[in-house]
Amino acid sequence: MSAALREPERAWRLRAMREGDLDAVMSIEKRAYPFPWTRGIFRDCLLAGYPALLALEDDSPAGYGVMSIAADEAHLLNLCTAPERQSRGLGRHILRALLRTARDRGAQRIFLEVRPSNPAAIALYHSEGFNEIGRRPRYYPAVDGREDALVMAKELLPDVVDRMPPL
């Protein structure tokens, strides 16, 4: 069976991101974004104890997600899939794992920012029950200055994550 047709649970493995993963994470980050996070941002998130997952496909880093949780709110800070592995459900797989973690740690809602110029990410978030709740003007760096961010949120009701349709 080709790699693209395999069941996600068989092809992907998630584990906690560690500082030793940052070379691989930075390699993906730099290929995926014109304005990538710095290694220091990732390191600071790990040192702060933020939930961070690394996705492995055949033992190779393929994507990751980082969020913060405070009181009853979570904030998805970064969700990324290696460009060559996009549009195969891996981002959704990581997102759902982070949503379960947020709910398990007592978060009642989760927020995120996304570029309006990223329709694939917006479609993913909408399909997972996120709603646009606002806009942050000039939030992201862009080639021609700054780009707004769409602010999206999702309520994390106790059984909502468990009732999500299969990947």
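None of these values were measured; they are calculated from a predicted model.

Caption draft 1: The packing of helix 4 (residues 90-104) against helix 5 (residues 119-127), seen in detail. Where helix 4 contacts helix 5, the two axes come as close as 11 Å, and the packing angle between them is 45°. Judged on the interaxial angle alone, helix 5 and helix 4 are oblique. You can see that helix 4 and helix 5 cross each other, and the crossing is right-handed. Residues Gly91, Arg92 and Leu95 of helix 4 pack against Leu124, Tyr125 and Ser127 of helix 5. Tallied by class, residues from the contact of helix 4 with helix 5 come to three nonpolar, two polar and one charged.

Caption draft 2: Highlighting the packing of aromatic side chains. Tallied over the entire structure, the rule returns four aromatic pairs. Summarising the aromatic geometry, the rings of Tyr139 and Tyr140 are spaced 4.9 Å apart at their centres and angled 90° between planes, so their arrangement reads as edge-to-face. Overall, Tyr140 belongs to the buried group, its relative accessible area being 17%.

Caption draft 3: Up close: the sheet that holds strand 2 (residues 52-57). Pairing in this open sheet of seven strands is mixed, and the strands run 1-2-3-4-5-7-6 from one edge to the other. Because the sheet does not close on itself, it has two edges, and the strands there are strand 1 (12-16) and strand 6 (131-142). The average angle at which neighbouring strand axes cross in this sheet is 25°, direction not considered. Relative to strand 2, strand 1 is paired through five bridges, and the arrangement is antiparallel. Its bridge partner being in strand 2, Arg13 is matched across the sheet by Leu56. Here helix 4 sits on the sheet and contacts strand 1, strand 2, strand 3 (60-70), strand 4 (73-81), strand 5 (109-114) and strand 7 (145-155); the angle it forms with strand 3, its principal contact strand, is near 30°.

Caption draft 4: Focus on the layout of surface pockets. Approximately 1100 Å³ is the volume attributed to the largest pocket. Lining the largest pocket are 37 residues, and of these Tyr33, Leu79, Asn118, Ala121 and Tyr125 lie nearest its centre. Of all elements in the fold, only helix 2 (22-32), strand 4, helix 4, strand 5, helix 5 and strand 6 reach the threshold of two or more residues within the lining of the largest pocket. Looking at which element gives the most residues to the lining of the largest pocket, the answer is strand 4, with seven residues. Tallied by class, residues from the lining of the largest pocket come to 21 nonpolar, 10 polar and six charged.

Caption draft 5: Broad picture of unusual backbone geometry. A positive phi angle, near 50°, is found at Asp58, a position not held by glycine. Along the chain, Asp58 falls in the loop between strand 2 and strand 3. If you check the backbone angles, Asp59 has positive phi at about 65° while not being a glycine. Checked against the element boundaries, Asp59 lands in the loop between strand 2 and strand 3.

Caption draft 6: Molecular detail of the environment of Ala74. Relative to the assigned elements, Ala74 resides in strand 4. A relative accessible area of 2% places Ala74 in the buried class. Beyond its immediate chain neighbours, meaning those up to four positions away, Ala74 contacts Met67, Ser68, Ile69, Ala102, Ala107, Arg109, Ile110 and Phe111.

Caption draft 7: Fine view of helix 2. Of all the positions in helix 2, only Leu22, Val25, Met26, Ile28 and Glu29 are classed as buried. Relative to the axis of helix 2, the buried residues are bounded by an arc of 165° and lie together on one face. What points out from helix 2, more than 90 degrees from its buried face, is the exposed set Asp23 and Lys30. Turning to helix 2, the residues buried within the fold contact helix 3 (39-47), strand 2, strand 3 and strand 4.

Caption draft 8: Main features of helix 5. Of the positions making up helix 5, those classed as buried are Ala121, Ile122, Leu124 and Tyr125. Looking straight down helix 5, one finds that the buried residues subtend no more than 160° of arc, so they occupy a single side. Along helix 5, exposed side chains directed more than 90 degrees from the buried face belong to Pro119 and Ala120. Where helix 5 is buried, its residues touch strand 4, helix 4, strand 5 and strand 7. Positive backbone phi, at 95°, marks Gly129, one or two positions downstream of helix 5.

Conventions used here
- Residues numbered from 1 in each chain as written.
- Predicted model: local features only at pLDDT ≥ 70, side-chain atom pairs only at ≥ 80, totals over all residues.
- Heavy atoms only, no water.
- Axes fitted to C-alpha atoms, helices over the stretch in contact; angles between N-to-C directions.
- Helix = DSSP H or I, 4+ residues; strand = E, 2+ residues; numbered from the N terminus.
- Parallel < 35°, antiparallel > 145°, perpendicular 65-115°, else oblique.
- Left-handed = near helix turned anticlockwise from the far one by under 90°.
- Contact = heavy atoms within 4.5 Å.
- Nonpolar A, V, L, I, M, F, W, Y, C, P; charged D, E, K, R; others polar.
- Phe/Tyr/Trp six-rings, centres within 6.5 Å; stacked < 30°, edge-to-face > 60°.
- Buried < 20%, exposed > 50% of the residue type's maximum accessible area, 1.4 Å probe, protein only.
- Pairing = 2+ DSSP bridges.
- 1 Å grid on protein atoms, 1.4 Å probe; cavity = no way out; pocket = protein on both sides within 12 Å on 5 of 7 lines; lining within 4 Å.
- Points joined across faces, edges and corners; volume = space filled by probe spheres on them.
- Arc of directions from axis to C-beta.

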